[in-house]
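Residue strings, one per chain:
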Amino acid sequence: AALTTVRHLAMTAVARTQKKVFFYAMDAMQLPTRIGIRQKKTPFSEAFPCWKNDCWCALSTKALAHVLTYIDDHPEFVRYYARTIIPLESATATIVFNDPDLVVADIPTHSIRWSNPTSGRPDVFTSADLDFLMQSPTAFARKFNPTDTALLDTLDAVVLMDEQETR
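Undergrad: Teacher, can you tell me more about the overall build of the protein chain here?
TA: Counting its secondary structure elements, the protein chain contains six helices and four strands. Seen in sequence order, the protein chain has helices and strands lined up from the N terminus as α-β-β-α-α-α-β-α-β-α. Here the C-alpha atoms of the protein chain give a radius of gyration of 21 Å, more than 25% beyond the 15 Å that 2.2 N^0.38 yields for 167 residues. Overall size of the protein chain, expressed as C-alpha extent along the three principal axes, is 60 × 50 × 20 Å. A burial count over the protein chain gives 22% of its 167 residues as buried. Summed over its atoms, the accessible surface of the protein chain is roughly 12,300 Å², and 59% of this surface lies on carbon and sulfur atoms.

Structural data, given as structure tokens:
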């Protein structure tokens, strides 16, 4: 723990003394530390700002078509995001939120619980969470332990029963 604290303090000191090199310490998510060179030129402007959003979202056919067209038409945007740490939390949102022809609804699609938000990882649902999941208005949830077959089988049965009732 002391070594991690010293390392973090050193990286913070270096980052504060200059604007070119940045350290991405991903200890909480158990990912390796990354060293980044800040780019002078970005694809962003006042008219096209950078956005961030939850990467667990749903897109309409129109929005998806726009994202795919934008990616095809803007290789510099793709090159920029290819060198970022977690592009999925910004790239799609930036394209969608900057299109005035798209309507963005802030409606959660997933049940996700963060008991320890600083960990960078959501809780793993267990059989004890069945009531919570059944009461959720969302269509999806994350995250599950794939070996918790009792919970997964119960959820499958509920989904399949609902599907049969709507036929």
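Undergrad: Please clarify how the side chain of His 110 should be interpreted in this entry.
TA: Looking at the secondary structure, you find His 110 in strand β3 (residues 110-111). Residue classification places His 110 among the buried residues on the basis of a relative accessible area of 16%. Once you skip the residues sitting within four places of it in the chain, His 110 turns out to touch Trp 56, Thr 138, Phe 140 and Ala 141.

Undergrad: In this structure, what is going on with the packing of aromatic side chains? I would like to understand it.
TA: Each aromatic ring pair is summarised here by two numbers: the centre-to-centre distance and the angle between the ring planes. Applying the stated criterion to the full structure yields ten aromatic pairs. Each ring, one from Phe 44 and one from Tyr 80, has its centre 5.3 Å from the other, and the planes form 85°; the classification is edge-to-face. Residue Phe 44 is found in the loop between β2 (34-37) and α2 (61-73), and its partner Tyr 80 is found in helix α3 (residues 75-82); the two are separated by 36 residues along the sequence. Centroid distance Phe 77 to Tyr 81: 4.8 Å. Interplanar angle 55°. Geometry classified as tilted.

Undergrad: What's the story with the nonpolar core in this structure? I'm lost.
TA: Among the nonpolar cores identified, the biggest contains eleven residues, and these are Phe 48, Ala 63, Val 67, Tyr 70, Phe 77, Tyr 80, Tyr 81, Ala 91, Ile 95, Val 96 and Leu 102. For this core, the secondary-structure elements that each account for two or more residues are α2, α3 and α4 (91-97). Among residues more than four places away in sequence, those in contact with Val 96 are Leu 59, Val 67, Leu 102 and Val 104.

Undergrad: Hey, could you run me through the environment of His 66 in this one?
TA: Structurally, His 66 can be placed in helix α2. Sequence separation of His 66 and Asn 98 is 32 residues, and the distance between their C-alpha atoms is 11 Å. Contacts of His 66, omitting those with residues within four sequence positions, involve Ile 95, Asp 99 and Leu 102.

Undergrad: Can you help me understand the packing of α2 against α3 in this one?
TA: The relative placement of two packed helices is expressed as an angle between their axes plus a distance between the axes. Where α2 contacts α3, the two axes come as close as 5 Å, and the packing angle between them is 95°. As far as their axial angle goes, α3 and α2 are roughly perpendicular. Each of Tyr 70, Ile 71, Asp 72 and Asp 73 in α2 lies in contact with α3, whose residues at this interface are Pro 75, Phe 77 and Val 78. For the contact of α2 with α3, a count of residues per class yields five nonpolar, no polar and two charged.

Criteria and cut-off values
- Residues numbered from 1 in each chain as written.
- Predicted model: local features only at pLDDT ≥ 70, side-chain atom pairs only at ≥ 80, totals over all residues.
- Heavy atoms only, no water.
- Helix = DSSP H or I, 4+ residues; strand = E, 2+ residues; numbered from the N terminus.
- Rg over C-alpha atoms; globule rule 2.2 N^0.38 Å.
- Buried < 20%, exposed > 50% of the residue type's maximum accessible area, 1.4 Å probe, protein only.
- Areas by Shrake-Rupley, 256 points an atom, 1.4 Å probe, with all protein chains shown as cover.
- Contact = heavy atoms within 4.5 Å.
- Phe/Tyr/Trp six-rings, centres within 6.5 Å; stacked < 30°, edge-to-face > 60°.
- Core = buried A, V, L, I, M, F, W, Y, C linked by side-chain atoms within 4.5 Å.
- Axes fitted to C-alpha atoms, helices over the stretch in contact; angles between N-to-C directions.
- Parallel < 35°, antiparallel > 145°, perpendicular 65-115°, else oblique.
- Nonpolar A, V, L, I, M, F, W, Y, C, P; charged D, E, K, R; others polar.

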